[in-house]
Amino acid sequence: MAERRKVLSSDHARALIKEAIGIIEGDRAIQAEAAAEIAAIEAAHASSNPEPKPERSPRS
């Protein structure tokens, strides 16, 4: 599983709550919609904050 952010935006938190409500009520449409919103938010975050490149080892 991918590493999750430690601080959530209000939109991310809202989408997670929406997904939880869909799970509790058994409404797969709400759950799928929320999952799509979460994926879009996480993709936007990942594209705006690229992972640091690993350092190259010095040649001897």
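Refer to the structure printed above.
Now for a description of the structure that goes with this document. (Residues numbered from 1 in each chain as written. Predicted model: local features only at pLDDT ≥ 70, side-chain atom pairs only at ≥ 80, totals over all residues. Heavy atoms only, no water.)

## Considerations on the pattern of salt bridges
Link 1 in the chain: For the structure shown, the criterion picks out three salt bridges.
Link 2 in the chain: With its nearest N and O atoms 2.5 Å apart, the salt bridge here joins lysine 18 to glutamate 33. Of this pair, lysine 18 sits in helix H1 (residues 10-25) while glutamate 33 sits in helix H2 (residues 28-48), and the two are 15 residues apart along the sequence.
Link 3 in the chain: A single salt-bridge network, built from bridges that share partners, covers Arg14, Lys18, Glu33 and Glu37. (Salt bridge = Lys/Arg side-chain N within 4 Å of Asp/Glu carboxyl O. Helix = DSSP H or I, 4+ residues; strand = E, 2+ residues; numbered from the N terminus.)

## Some words on H1
Link 1 in the chain: A rise of 1.5 Å per residue sets the reference length of H1, with its 16 residues, at 22 Å; its end C-alpha atoms lie 22 Å apart and thus fit the reference within 8%.
Link 2 in the chain: Those residues of H1 that fall on the buried side of the exposure criterion are His12, Ala15, Lys18 and Gly22. Seen along its axis, H1 keeps its buried residues to an arc of 125°; they face one direction. For H1, the exposed residues lying more than 90 degrees away from the buried face are Ser10, Ile17, Ile24 and Glu25.
Link 3 in the chain: Packed against the buried residues of H1 are H2.
Link 4 in the chain: Where H1 ends, the next residue or the one after it, glycine 26, has phi of about 75°, a positive value. (Expected span 1.5 Å × (residues − 1). Buried < 20%, exposed > 50% of the residue type's maximum accessible area, 1.4 Å probe, protein only. Arc of directions from axis to C-beta. Contact = heavy atoms within 4.5 Å.)

Any link to function would need more than the numbers given here.
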